[in-house]
Amino acid sequence: MKLGKKIVSGAWIIYLIIALLINLVIFTVFKPLELEGGDLKLVFWFSYGFMMVSFILQIASLFIGRFKNGVESAFFGIPILTVSLYYFGITLVLSLAFMILVSFAVAVPFALMFVLECIVLGVYIIVFIMTIMHRDAVVEIDANIKRNVFKIRSLVTDVETMAESVTDANIKAKLNRLAEDIRYSDPMTNEFVAELDLQVRDTIAELEVLVNEQAFDAVEAKIRQAQLLMSKRNKRLADSK
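Below is a summary of the structure that appears in this document. (Residues numbered from 1 in each chain as written. Predicted model: local features only at pLDDT ≥ 70, side-chain atom pairs only at ≥ 80, totals over all residues. Heavy atoms only, no water.)

Points about the overall build of the chain
Going by this rule: Secondary structure elements are defined from DSSP: runs of H or I of at least 4 residues count as helices, runs of E of at least 2 residues count as strands, and each element is numbered from the N terminus. Burial here depends on accessible area, computed with a 1.4 Å probe over protein chains only, as a share of the maximum for the residue type. Under 20% is buried, over 50% is exposed, and the range in between is partly exposed. The contact criterion used is simple: two residues touch if any of their non-hydrogen atoms lie within 4.5 Å. Throughout, the Shrake-Rupley method with a 1.4 Å probe supplies accessible areas, and for residues the shown protein chains are the sole cover considered.
Helix and strand counts for the chain stand at seven helices and two strands. Ordered by position from the N terminus, the helices and strands of the chain form the series α-α-β-β-α-α-α-α-α. A total of 241 residues make up the chain; the buried ones form 34% of that total. Within the chain, contacts between residues at least 6 apart in sequence are counted, and of these 72% link residues at least 24 apart. As displayed, the chain has an accessible area near 14400 Å², and 67% of this comes from carbon and sulfur atoms.

Describing the packing of aromatic side chains
Short version of the rule: The rule is short: rings of Phe, Tyr and Trp, with Trp giving its six-membered ring, pair when the centres are within 6.5 Å, and they are stacked under 30 degrees, edge-to-face over 60, tilted in between.
In total, this model carries eleven aromatic pairs according to the counting rule given. Taken together, a centroid distance of 5.4 Å and an interplanar angle of 85° make the contact between phenylalanine 44 and tryptophan 45 edge-to-face. Between tryptophan 45 and tyrosine 48 the ring centres are 5.7 Å apart and the planes differ by 85°, which places this aromatic pair in the edge-to-face class. Taken as a pair, tryptophan 45 and tyrosine 48 lie in helix H2 (residues 39–64) at a separation of three residues, close to a single helical turn. Relative accessible area serves as the criterion here: at 31%, tryptophan 45 is assigned to the partly exposed category.

Details of the pattern of salt bridges
As a reminder, the rule being used: Whenever a carboxyl oxygen of Asp or Glu lies within 4 Å of a side-chain nitrogen of Lys or Arg, that contact is scored as a salt bridge.
Using the criterion set out here, one finds six salt bridges in the structure. Across the pair glutamate 160 and arginine 183 runs a salt bridge, and its minimum N-O distance is 2.2 Å. Of this pair, glutamate 160 sits in helix H4 (residues 110–165) while arginine 183 sits in helix H5 (residues 169–183), and the two are 23 residues apart along the sequence. Taking relative accessible area as the criterion, glutamate 160 reaches 26% and is therefore assigned partly exposed. A network of salt bridges, in which partner residues are shared, links Glu160, Glu180 and Arg183.

Concerning helix H6 (residues 194–212)
Note the cut-off: For a helix, the expected span equals 1.5 Å multiplied by the number of residues minus one. Think of the arc as the fan of directions from the helix axis to the C-beta atoms.
Its 19 residues place the ends of H6 28 Å apart at the C-alpha level, agreeing with the 27 Å of an ideal helix rising 1.5 Å per residue. Residues of H6 that are buried: Leu196, Asp197, Val200, Thr203, Ile204, Leu207, Leu210 and Val211. End-on, the buried residues of H6 take up no more than an arc of 145°, which puts them together on one face. In H6, the exposed positions that point more than 90 degrees away from the buried face belong to Glu195 and Asn212.

Here we look at the layout of surface pockets
Taking a probe equal in size to a water molecule and rolling it over the atoms shows the remaining empty space. Our working definition: With a 1 Å grid laid over protein atoms only, a set of points is called a cavity when a 1.4 Å probe fits there but cannot get out and a pocket when it is open yet has protein on both sides within 12 Å along at least five of seven lines; lining residues have an atom within 4 Å of a point. Grid points are joined across faces, edges and corners, and a volume is the space filled by probe spheres set on the points. Following the grouping adopted for this structure description, the nonpolar residues are Ala, Val, Leu, Ile, Met, Phe, Trp, Tyr, Cys and Pro, the charged ones are Asp, Glu, Lys and Arg, and the polar ones are all others, Gly among them.
In this model, the largest pocket occupies a volume close to 180 Å³. Taken together, 13 residues make up the lining of the largest pocket; nearest its centre are Lys151, Thr189, Asp197, Arg201 and Arg233. Among the secondary structure elements, those contributing two or more residues to the lining of the largest pocket are H4, H6 and helix H7 (216–240). Taken together, the residues of the lining of the largest pocket sort by class into six nonpolar, three polar and four charged.

Set out below in structure tokens:
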């Protein structure tokens, strides 16, 4: 079994045990089945329901509120799991307070309990949605960065492979210099340099053909063309930011 599956299975078991313990305390101490009918039972069971919902959302935050690479989603720098713990704690206190009052036959207005619980739940849902939206945006940005970095590294690998295949010291040095120019260029791209990116890739492909044909005079000219294109691309990219 993979470590990730073990952690997930362990988390489910822990949450199940906590849920059983909470319910054991509630049904043993408060004895809700023995409560008088009417508003007392209504307030108790709705308080219990809100508490269980907060518990379920706590579990959901553990599995949903994470990046694909395992990094915790955050709301203004606070991990969503921490926000969920705050929500669960507040709801637990509110619900237990109402349950205790009801168990002592205190007439708690149903509207008061319902409004307070709904406000806490509503605020948490808003925060949770905002966090998930932020998470998805960050994941997409991260994936886009990785794609761009991979494209640059692929070009570097292609040029380095060409350098390894030639015996001419002068051509080898120039190819290695071109590889360095590409390696340290800005990997990000936008619509302003999209055409230049295509030209660079086409030029590297043409350069590979010339290297394989050992047309070294043409190779030097093509290397210079690729360097100029990279320089132009980097300058235009810098100007567009």
